[in-house]
Amino acid sequence: MKIQEADAKSLLVAQGLPVPDWEVAHTVAEARAAAERILGGGASAVVIKAQVLVGGRGKAGGVKLASSADEAEKVAATILGMDIKGITVRKVLVAAAADIAREFYMSAVLDRAERRILLMGSAEGGVEIEQVAVDHPEAIIRHHADPLLGLHDYQAREFAFAMGLGGHLKAAVAIAKGLVRTMLAYDADLVEINPLAIVREREASGAEVERLVCLDAKVTLDDSALPRHPELEALRDPDEEDPADREAREAGLTFIKLDGTIGCMVNGAGLAMATMDIIKLAGGEPANFLDVGGGANAEQIRNAFKILMSDANVKAVLINIFGGILRCDVLAAGVVAAVKELSVNVPIVVRMEGTNVEEGKRILRDSGLKFTTADSMGEAAETIVAQAAAFKKQGGK
């Protein structure tokens with residue numbers, strides 16, 4: 001689950017990380033009022049940032065400065081309602097513009113291969129880290145946190161020195177350890193600060209000081225862990241979710257969209273993974289991962305078909321079910337009802353094994369619809385790949 005920048009910053013603040021104050025505005029009037037308060041507090045300018053769950057906001061014109069309340073009002077009017085990569089901007093973040101001396105990148109990410117949290121950093125902040133990894137892989141510093149004890153102090157110090165933050169060692173160590181702490185506290189997949197910046201500030205005495213602060217934040221949360229953090233569910237922004245993802249979540253289905261042409265409907269995550277593998281082995285490309293679960297009913301099967309058919313790339317559907325808790329006859333009846341109701345016109349191959357499998361096959365045969373049944377996963381994969389190719393050649397869908 002991705003969350004907005006302002007919400008991500010709130011999680012960092014809760015873990016004690018240094019994040020400059022900000023306000024969120026949903027209207028032009030709110031943005032103006034926020035700018036007035038910030039400018040009245042001594043800031044020379046404010047930054048107004050579109051709150052959307054995509055990168056490249058600055059390049060799209062979604063991040064701008066304003067030096068007065070009037071200018072902030074005009075900028076907010078320009079950004080609110082703007083379309084950035086297909087997403088409409090509905091709110092903006094307003095904060096004091098920082099006087100940046102230098103920018104860095106720092107993040108904590110789940111390294112599944114090592115089964116540890118990986119802390120990454122680079123002195124090349126404020127740019128897309130993916131491009132840095134391609135052009136200058138040596139510029140990225142990596143340290144794995146201990147799976148039980150977290151990030152050791154000596155690791156955090158080594159990390160800070162390697163990034164060139166020796167002059168702000170105490171703050172850098174605290175931030176590095178704070179990122180790992182945030183990962184653990186909220187079951188996050190990613191906690192990213194870009195930029196992490198050294199900013200110039202003026203104290204009440206008039207003296208100029210430099211401080212290391214988190215100017216931007218990006219956090220993604222593990223959906224599977226949300227039952228342990230019910231308060232985080234409120235941070236979900238349904239307006240920016242992919243409609244198919246939202247539909248699947250609300251229907252209790254596990255769905256991940258892929259780039260292929262063969263829709264998959266399977267019960268059980270392991271079987272779903274094996275199904276995608278065998279489709280690729282047969283020369284096809286799966287269009288999705290869709291697990292209807294062991295206890296799926298007719299309504300969930302209908303919802304599953306609706307999600308599959310919302311993808312214009314799907315040229316055929318492979319249903320691969322092991323009937324244990326989900327009986328094959330119940331599945332077959334649900335499939336027949338869904339195909340009739342939704343007028344599904346792509347080829348459908350069904351491979352079923354388990355409880356009431358013969359009754360399930362009879363329901364499919366007697367439905368009057370053109371289902372192809374298969375007795376093995378290999379047969380099912382080869383058949384669906386051939387049918388998808390033929391359907392596409394005929395100009396289907």
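Each remark here, short or long, concerns the structure printed above.
On a predicted model such as this, the values are computed, not experimentally measured, just so you know.

Student: I'm lost on the overall build of the chain in this one. Help?
Tutor: For the chain, the helix and strand inventory stands at 12 helices and 18 strands. Once the C-alpha set of the chain is aligned to its principal axes, its extents read approximately 85 × 50 × 40 Å. Buried positions account for 49% of the 397 residues belonging to the chain. Looking at the chain alone, contacts between residues at least 24 apart form 68% of all its contacts between residues at least 6 apart. Total accessible area on the chain is roughly 18,700 Å²; 51% of this is exposed by carbon and sulfur atoms. For the chain, the distance from the average site of its 44 positive side-chain charges to the average site of its 57 negative ones is 2 Å.

Student: Just checking my understanding: could you explain helix H8 (residues 269-281) for this structure?
Tutor: With 13 residues, H8 extends 18 Å from end C-alpha to end C-alpha; this agrees with the ideal 18 Å at 1.5 Å per step. Where H8 is buried, its residues meet strand E14 (262-266), strand E15 (288-291), strand E16 (316-323) and helix H12 (377-393). The first or second residue beyond H8 is Gly283, which carries a positive phi of 100 degrees.

Student: Explain the nonpolar core to me, please; I cannot follow it from the model alone.
Tutor: Grouped together as the largest cluster of nonpolar side chains are 41 residues, with contacts concentrated most on Leu12, Met106, Leu119, Leu165, Ile175, Leu179 and Leu196. Elements with a minimum of two residues in this core: helix H1 (5-14), strand E7 (99-111), strand E8 (116-122), helix H5 (153-162), helix H6 (169-186), strand E10 (188-202), strand E11 (208-214) and strand E12 (218-221). In terms of residues, this core owes the most to one element, H6, which gives eight residues. Excluding residues that lie within four positions of it along the chain, Leu12 makes contacts with Leu17, Val19, Leu179, Thr182, Val191, Ile193, Cys214 and Ala217. Residues Val292, Cys328, Val336 and Ile348 belong to the second largest nonpolar core, which totals 37 residues.

Student: Any chance you could explain the packing of helix H9 (residues 298-309) against helix H10 (residues 328-342) here in plain terms?
Tutor: Where H9 meets H10, the closest approach of the two axes is 8 Å, and the angle between their N-to-C directions is 45 degrees. Comparing the axis directions of H9 and H10 gives the class oblique. Seen along the crossing, H9 lies across H10 with a hand that is right-handed. Here Ala298, Ile301, Arg302, Phe305 and Lys306 of H9 lie close against H10, whose contacting residues are Val330, Leu331, Gly334, Val335, Ala338, Val339, Glu341 and Leu342.

Thresholds applied
Sequence order sets the numbering: in each chain, residues are counted from 1 along the sequence as written. This being a predicted model, a pLDDT of at least 70 is required before a residue's local features are given, and a value of 80 or more before pairs of side-chain atoms are given or counted; all residues contribute to the totals for chains, interfaces and linings. For the side-chain quantities, the full set of heavy atoms in the structure was used; hydrogens and water were omitted. Under the scheme used here, helices are H or I runs from DSSP no shorter than 4 residues and strands are E runs no shorter than 2 residues, and both carry numbers assigned from the N terminus. We call a residue buried when its accessible area falls under 20% of the maximum for its residue type, exposed when it is over 50%, and partly exposed in between, using a 1.4 Å probe and counting protein chains only. Residues are treated as being in contact if the distance between any of their heavy atoms lies within 4.5 Å. Residue exposure ignores everything except the shown protein chains as possible cover, and the areas themselves are Shrake-Rupley values with a 1.4 Å probe. The charged-residue count follows a simple rule in which Lys and Arg add positive charge and Asp and Glu add negative charge, with His and chain termini not counted at all. Positions of charges follow a simple convention, taking NZ of Lys, CZ of Arg, CG of Asp or CD of Glu. Helices are assigned an expected span. That span is 1.5 Å times one less than the residue count. Working definition of a nonpolar core: buried Ala, Val, Leu, Ile, Met, Phe, Trp, Tyr and Cys residues. They are joined through side-chain atoms within 4.5 Å. Simply put, an axis is a line fit to the C-alpha atoms, just over the touching stretch for a helix, and the angle between two N-to-C directions goes from 0 to 180 degrees. Each angle is binned into one of four classes, with values under 35 degrees roughly parallel, values over 145 roughly antiparallel, values of 65 to 115 roughly perpendicular, and all other values oblique. By definition, any crossing whose near helix is turned counterclockwise from its far helix by less than a right angle is left-handed, and any crossing with a clockwise turn is right-handed.

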